[in-house]
Amino acid sequence: EDPSLERHFKGHRDAVTSVDFSLNKKQLASGSMDSCLMIWSMRPQMRAYRFVGHKDAVMCVQFSPSGHLVASGSRDKTVRLWVPSVKGESTVFKAHTATVRSVNFSSDGQSLVTASDDKTIKVWTVHRQKFLFSLSQHINWVRCARFSPDGRLIVSASDDKTVKLWDKTSRECIHSFCEHGGFVNHVDFHPSGTCIAAAGTDNTVKVWDVRMNRLLQHYQGNAVVNSLSFHPSGNYLVTASNDSTLKILDLLEGRLLYTLHGHQGPATCVAFSRAGDLFASGGSDEQVMVWKTNFDAADYDDVLKTQKCGTSVDRTPHALVEMDCGVNLKKTKTQDAGRNHAQQEEEASLANTLEHIMGQLDVLTQTVSLLEQRLTLTEDKLKECLENQQKIIQNK
């Protein structure tokens, strides 16, 4: 069955720049040139939240892994962390000296990496929004930066036509991929962490192995590619292009599977849900669309058969060979039939409890962070009062 359009959200007043699903798929966040962040409910008849706070275009949005925070970066040079609830409270921090193009949480939710037109990439702690360090070897705007699944590497894409790979611990650039013929708009890690894919204004998508630093696949399109997202199984890649199309690439076969037409005008952003059954896209037509993939169930089974350890999937000369074993086997449909129902239920309730605890933790850290800010304000006020008092005494 082909991918199909599932939902259609209208509410932005300018081009949509970024989309992301929450972990449980109940919410979808989108950022726009209209300076607003929208949180759409995937449940029918539930109203959307419009978050106002940024003073200029919102360039990027992302849910934290637990789903209890949303990060956004803006042309106003700030990053905001929002609690995606009715109140829409946010903490704001001055992150860069120019437009913030990209925000990305590490998979443990503890760190945030941001990329900016000031040519730097910065890493922050989420809970205190404390600046940790800068990576600055790009010589032009940095469009995108992402953590590897294990959090040890960072990949960045820039208008200097390079994709750079960084070691988070040593803070060194360990490799530069220079094969792009134009600006590099977007880059991301394969779920296995062994490959990266990058999209560029040279109308291409390139897939590299980050262990051997060699080009694995090259897809030539007819228009600038603005964004891409890996399917959680690691077998598909969806792209959004200036010719208004979304394309689904089959990475195992190394070929184009589907071309989807939905947007009027450039498709600017695209993202798979964490489970892979949906993907969302945004465009300069101010619309957010949600699509059903309709290809996981059967294909996951095939994938599992081919990805038994040790077998390299090499059906075509340029297929993704040497894919690491066990690429997200947890998310597949073929789970051990022998596992009893009770055990599964127990695990589910445990997972729910854990998620709840994580949620409470997130809320607590947010509260602490707000309190810290208020404390600082109070301290400042106190200092001011004391200074004024001194002045009065001196004048007397």
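Predicted model only: the values in this text are computed from it and were never measured.

Would you mind showing me how to read the overall build of the protein chain here?
When its secondary structure is counted, the protein chain shows two helices and 28 strands. Buried residues in the protein chain amount to 54% of all 396 residues. Expressed as a percentage of contacts within the protein chain between residues at least 6 apart in sequence, the contacts between residues at least 24 apart total 46%. When the accessible surface of the protein chain is split by element, carbon and sulfur atoms take 52% of a total near 18400 Å².

Got a minute to help me understand the environment of Arg80 in this structure?
Residue placement: Arg80 occurs in strand S8 (residues 78-82). Its relative accessible area of 12% is what places Arg80 among the buried residues. Separated by 15 residues in sequence, Arg80 and Ala95 have C-alpha atoms that sit 9.3 Å apart. Apart from the residues lying within four places of it in its own chain, the contact partners of Arg80 are Gly53, His54, Lys55, Val70, Ala71, Ser72, Ser90, Thr91 and Val92. Side-chain polar atoms of Arg80 contact the backbone oxygen of Gly53, separated by 3.1 Å.

I would appreciate a short explanation of the pattern of salt bridges in the present structure.
Side chains that differ in charge, positive against negative, can pair when their charged atoms come close. Within the structure shown, the criterion is met by ten salt bridges. The partner of Asp277 in a salt bridge is Lys25, and the shortest N-O contact between them spans 2.9 Å. A residue pair is termed long-range when its members are at least 10 positions apart, and Asp277 in the loop between strand S26 (267-272) and strand S27 (278-283) and Lys25 in the loop between strand S2 (16-21) and strand S3 (27-32) qualify at 252 residues. Assessed through its relative accessible area of 24%, Asp277 is described here as partly exposed. For Lys25, a relative accessible area of 24% translates into the label partly exposed. In this structure, the salt-bridge partner of Lys206 is Asp202, at a minimum N-O distance of 3.7 Å.

Any chance you could explain the UniProt feature "repeat: WD" (unreviewed entry) in the protein chain here in plain terms?
UniProt records the feature "repeat: WD" (unreviewed entry) for residues 9-50, 51-82, 93-134, 135-176, 177-218, 225-259 and 260-292 in the present numbering. As a span, residues 51-82 carries 0% helix and 56% strand, and end to end its C-alpha atoms are 9 Å apart. When the span residues 260-292 is considered, its composition is 0% helix and 61% strand, and the gap between its end C-alpha atoms is 12 Å.

It is not clear to me how the packing of aromatic side chains should be interpreted in this structure. Could you clarify?
Any pair of aromatic rings gets described here by the distance separating the centres and the angle formed by the planes. What the rule picks out here adds up to eight aromatic pairs. Look at Tyr49 and Phe51: their rings are 6.1 Å apart centre to centre, the planes differ by 5 degrees, and that puts the pair in the stacked class. Here the two residues Tyr49 and Phe51 agree in accessibility, since each one is buried. Put simply, the rings of Tyr49, Phe51 and Trp82 touch in pairs and so form one group of aromatic residues. Taking the ring centre of Phe131 as reference, the NZ or CZ of Lys122 above it sits at 5.4 Å.

Explanation requested: the pairing of S3 in the structure shown.
The two faces of a sheet get side chains in turn, since along a regular strand they alternate between them. Taking burial as the measure, the six residues of S3 include six buried ones, the bulk of the element. Side chains Gln27, Ala29 and Gly31 of S3 all project onto a buried face; the interleaved residues Leu28, Ser30 and Ser32 project onto the opposite face, where all are buried too. Relative to S3, S2 is paired through five bridges, and the arrangement is antiparallel. Pairing of Asp20 across the sheet is with Ala29, part of S3. Between S2 and S3, which pair antiparallel one after the other, the connecting turn spans five residues, and Lys25 there sits at a positive phi close to 65 degrees. In this structure, S3 lies alongside strand S4 (residues 36-41), joined through five bridges in antiparallel fashion. Opposite Ala29, over in S4, you have Ile39 as the bridge partner. Connecting S3 to the next strand, S4, in antiparallel fashion are three residues, including Ser35 with a positive phi near 75 degrees.

What exactly am I supposed to notice about a negative patch on the surface here?
Taken together, Glu379, Asp380, Glu384 and Glu387 make up a surface patch of like negative charges. Inspection of the secondary structure assignment puts Glu387 in helix H2 (residues 341-395).

Can you help me understand the nonpolar core in this one?
Taken as a class, soluble globular proteins show a tendency for nonpolar side chains to be buried jointly. Val79, Phe93, Phe105 and Leu112 are the most contacted members of the largest nonpolar core, which has 16 residues in total. Going through the elements one at a time, strand S6 (58-63), S8 and strand S10 (100-105) are the ones with two or more residues in this core. Sorting elements by how many residues they give to this core places S10 first, with three residues. Excluding residues within four positions of it along the chain, Val79 makes contact with His54, Ser72, Gly73, Thr91, Val92, Phe93, Ala95, Val100, Val103, Leu112 and Thr114.

Please explain the side chain of Ser227 as it appears in this structure.
With respect to the helices, strands and loops of the structure, Ser227 is situated in strand S22 (residues 225-230). In terms of polar contacts, Ser227 uses its side chain to reach the backbone amide nitrogen of Val270, at 3.3 Å. Setting aside residues no more than four positions away along its own chain, Ser227 makes contact with His186, Val238, Thr239, Ala240, Thr268, Cys269 and Val270.

Rules used throughout
Residues numbered from 1 in each chain as written. Predicted model: local features only at pLDDT ≥ 70, side-chain atom pairs only at ≥ 80, totals over all residues. Heavy atoms only, no water. Helix = DSSP H or I, 4+ residues; strand = E, 2+ residues; numbered from the N terminus. Buried < 20%, exposed > 50% of the residue type's maximum accessible area, 1.4 Å probe, protein only. Contact = heavy atoms within 4.5 Å. Areas by Shrake-Rupley, 256 points an atom, 1.4 Å probe, with all protein chains shown as cover. Polar contact = N/O pair within 3.5 Å; in protein donor to acceptor, adjacent residues only side chain to side chain. Salt bridge = Lys/Arg side-chain N within 4 Å of Asp/Glu carboxyl O. UniProt positions renumbered as here; feature names shortened; annotations may be inferred. Phe/Tyr/Trp six-rings, centres within 6.5 Å; stacked < 30°, edge-to-face > 60°. Lys NZ or Arg CZ within 6 Å of the ring centre and 35° of its normal. Pairing = 2+ DSSP bridges. Patch = residues over 30% accessible without salt bridge, like charges linked within 9 Å, V, L, I, M, F, W, Y side chains within 5 Å. Lys, Arg positive; Asp, Glu negative; His and termini not counted. Charge placed at Lys NZ, Arg CZ, Asp CG, Glu CD. Core = buried A, V, L, I, M, F, W, Y, C linked by side-chain atoms within 4.5 Å.

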